[in-house]
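# Working through the structure, step by step
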Amino acid sequence: MNRTRARNRVITHHPEARLWLLSTPSTSYAFRLDADDDPRHVHWGRPLTLEQAVAVAADLPAQDPGGDDPGGEEYAVEGGLRFGAPSLTVRFADGVRGFAWRFVSHTVEDGLLTLSFTDRARSLDLDLNYRVRRGHDQIERWAVLTAGEPVDVLRFDSAAWTLPARDDYRVSHVVGEWGREFQLRRDRVPVGETVFTSRLGITGQHAGPWLMLDAHDAAEEHGEVWSAALAWSGSRRITLRRDPYGRASWTGGFGHEGLVRKLGAGERLETPVFTGLYAPDGFGGTSRRWHAYVERQVLPARLAERPLIFNSWEATEFDISEQQQWELAELAAGVGVEVFVVDDAWFGARTSDQAGLGDWWPNPDRFPNGLGPLADHVRELGMGFGLWVEPEAVNPDSDLYRTHPDWILHQEGRPRTQRRNQHVLDFARRDVREWAVEWLVRTVTELDVGFLKWDMNRPFSEAGQPGAADPDRVWIEHTRGVYEVMDRLRAARPGLYLEACAGGGGRADLGVLARADQVWTSDNTDAADRVAIQHGYGQVLPARTMGAWVTDSPNSLTARSTPIRYRFHVSMAGAMGIGGDLRKWTEEDLAWSRMLVEQYKRIRPVVHGGVQYRLGDDAVQYLTEDEVVVFQFKASALTRSSVRTRLKCLDPGARYRDEDTGTVHEGAVLLSHGLPPLPSFDCTSELVHLRKVPR
Ligand code: DGJ
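This brings us to unusual backbone geometry. A cis geometry characterises the amide bond from Ser553 onward to Pro554, with omega recorded as 0°. Tracing the chain through its elements places Pro554 in the loop between β30 (546-550) and α11 (564-572). At Asp110, a residue that is not glycine, the phi angle is positive and equals roughly 50°. Taking the relative accessible area as the measure of exposure, Asp110 reaches 77% and is therefore exposed. Unusually for a residue other than glycine, Cys683 sits at a positive phi of about 55°. As for its position among the elements, Cys683 is in the loop between α13 (667-672) and β37 (684-693).

As structure tokens, this is what we get:
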């Protein structure tokens with residue numbers, strides 16, 4: 001092989017060592033095939049040359065210290081002396097299980113490496129895919145199964161990720177529930193298996209679809225961190241394993257345990273992408289790499305700056321009228337809102353959560369002339385028009401359900417369990433998808449809707465397709481159906497802006513973010529709680545995708561009262577919106593709002609287009625070439641401190657002018673001594689906007 005050319009390539013192969021090396025700007029990833037064709041993991045970490053990777057591979061023990069359970073497998077199958085969590089479990093019609101590796105070929109094309117294998121005795125092919133994107137350290141992995149004979153697929157993960165053996169491991173992840181999403185946890189990894197799962201049919205709030213591992217030695221800006229995020233919005237399982245020999249690995253993919261997918265001869269099953277990242281520079285470096293990757297490789301192409309929306313939900317809930325929406329629109333326009341979004345209850349007989357879901361035409365009592373007059377008025381006020389929809393769900397008390405009771409997920413002889421008085425429509429069915437595409441495209445076209453909030457308030461239950469030969473397929477195919485409808489809608493209305501929501505932040509993942517521009521983060525809009533919610537959300541996902549409304553005080557969920565400035569500052573750290581009942585805000589509140597909205601519009605290019613640095617749990621900085629925005633928050637006077645917030649990554653030789661006060665700071669001083677601490681009151685905040693000035 002020509003070594004110079006090899007160095008410039010992102011994927012190189014050493015035929016004699018049967019080894020492949022993937023090179024990214026700051027990392028290397030290597031694996032090889034054993035003599036018996038089993039793929040074995042070699043390296044995931046700092047950059048190595050091909051020769052170094054081959055030397056590492058030669059040094060790996062042929063067997064593990066205990067003599068069984070090989071470990072270090074690139075993709076663990078069932079069979080032989082393997083006792084860890086398999087990435088692939090299959091059972092053939094005659095009861096034979098497992099996969100016996102036989103290597104067939106490999107291809108490399110434009111950053112994509114595909115290794116093709118077949119079973120030694122059975123008619124089943126398996127492809128392992130790896131993709132490297134120029135300028136990013138992520139490695140995207142997924143797998144494809146092609147059956148030549150009938151087979152039950154009991155588990156089929158996208159990838160297994162293997163870490164070097166270390167004395168200790170810690171996992172960082174987010175946990176939560178409705179109103180308490182994205183709570184960051186750092187837990188010691190026990191010897192054994194820890195499962196991070198959703199059995200809800202949707203992403204859910206309980207466990208985030210990503211993990212970060214470190215050897216208990218990483219901090220915000222230093223130390224090695226290995227992470228991975230699954231691009232999937234349905235049920236999933238990630239099994240993290242630490243074995244008795246000190247090794248750690250995880251395997252993950254779509255579907256939870258117990259589901260069976262039947263493949264007939266000639267059928268193919270492809271997993272979602274599970275993207276891995278090694279970062280040498282701590283949790284901050286890890287998050288910044290994820291943000292850049294999501295912004296450039298995942299999100300639909302669009303200007304970085306997100307629109308400032310008003311959403312009517314907290315102001316009105318189900319009690320809406322044309323007159324009241326008209327008034328709210330005028331007030332919203334008055335404070336500088338750019339898109340006015342009518343939330344739930346504009347359609348069918350939806351005057352509460354009991355009825356009407358599925359009947360997607362304007363409620364004739366509430367909007368006698370349809371939504372056209374309101375949408376036109378909103379546009380006359382200089383704003384875009386937005387709508388809330390929940391296409392995947394139906395109230396039994398609806399014309400849709402009365403006409404198509406068979407369209408929901410259900411099983412014969414089992415109750416049709418309701419949650420929030422609703423059922424899940426089976427998006428694995430073509431007729432359901434066609435129905436959804438038809439009314440969605442028609443509605444957004446007729447009303448010239450620029451912003452659509454796509455909500456989903458219902459986990460699956462009794463998920464099945466009566467009479468179907470492969471009833472569990474709905475767990476996977478519903479999610480694919482949702483993606484298809486979103487993709488077709490976007491193709492029909494290319495400028496449409498989508499917000500993903502599932503009862504708050506229950507659908508925040510790289511799968512939905514390939515078609516949604518932002519996520520509704522949480523129905524908890526209490527700014528003091530939001531600081532922690534936003535801190536967890538931002539571990540992987542960028543600020544521009546994080547919907548954040550300013551709402552009323554006291555907060556409708558927590559009853560906590562907070563100053564208006566604090567509420568705005570917390571929301572300004574993401575994709576700000578306003579979600580309070582502006583009719584009840586005082587003249588003073590509205591004056592503050594106008595002023596803070598103007599300030600937000602000045603700093604928005606930095607928050608949405610800049611690089612984010614966390615300055616602790618309750619301070620965050622955004623940085624572009626020559627601008628800096630810093631938010632500091634303090635929820636409680638108890639956290640009184642004289643510790644100053646030091647800025648990061650500034651030019652120490654430059655000076656920075658405060659755009660609001662005119663004060664000029666030295667870069668070196670901001671880096672080493674920082675900004676003054678906040679005063680000791682509950683719910684205080686400070687926003688500092690600096691611009692680099694020539695010397
Ligand atoms: C749940 C969402 O999170 C809320 O913002 C709101 O849209 C309601 N659904 C409407 O039913």
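This part covers the site of the ligand. Close to the ligand lie 14 residues; Asp343, Asp344, Lys453, Asp455 and Asp523 are nearest. Taking Asp523, its side chain carries an N or O atom lying 2.7 Å from an oxygen atom of the ligand. For the ligand, the protein covers 98% of the area, taking 300 Å² as the surface of the free molecule. If you map the ligand onto the pockets, it falls in the largest pocket.

Another aspect to go through is the pairing of strand β18 (residues 248-254). Extensive coverage of β18 is indicated by the burial of six of its seven residues. Both strand β11 (residues 159-163) and β18 contribute to a ladder of five bridges, which runs antiparallel. Each bridged residue has a counterpart across the sheet, and for Ala159 the counterpart in β18 is Gly252. Sheet topology note: the strand β17 (residues 236-242)/β18 ladder contains seven bridges and is antiparallel. Bridged to Ile238 within β18 is Gly252. Hairpin connection of β17 to β18: five residues between the antiparallel strands, including Gly246 at a positive phi of 95°.

When its volume is computed, the largest pocket comes out at roughly 620 Å³. Taken together, 29 residues form the lining of the largest pocket, with Trp178, Asn457, Gly503, Gly504 and Asp523 sitting closest to its centre. By residue class, the composition of the lining of the largest pocket is eleven nonpolar, seven polar and eleven charged. Viewed by domain, the lining of the largest pocket spans two of them, domain 1 (4-298) and domain 2 (309-395 + 429-462 + 496-609), each represented by three or more residues.

Rules of the game
- Residues numbered from 1 in each chain as written.
- Predicted model: local features only at pLDDT ≥ 70, side-chain atom pairs only at ≥ 80, totals over all residues.
- Heavy atoms only, no water.
- Helix = DSSP H or I, 4+ residues; strand = E, 2+ residues; numbered from the N terminus.
- Buried < 20%, exposed > 50% of the residue type's maximum accessible area, 1.4 Å probe, protein only.
- Near = heavy atom within 4 Å.
- Polar contact = N/O pair within 3.5 Å; in protein donor to acceptor, adjacent residues only side chain to side chain.
- Areas by Shrake-Rupley, 256 points an atom, 1.4 Å probe, with all protein chains shown as cover.
- 1 Å grid on protein atoms, 1.4 Å probe; cavity = no way out; pocket = protein on both sides within 12 Å on 5 of 7 lines; lining within 4 Å.
- Sits in = over half its atoms within 2 Å of the grid points.
- Pairing = 2+ DSSP bridges.
- Points joined across faces, edges and corners; volume = space filled by probe spheres on them.
- Nonpolar A, V, L, I, M, F, W, Y, C, P; charged D, E, K, R; others polar.
- Domains from an automatic or database assignment.

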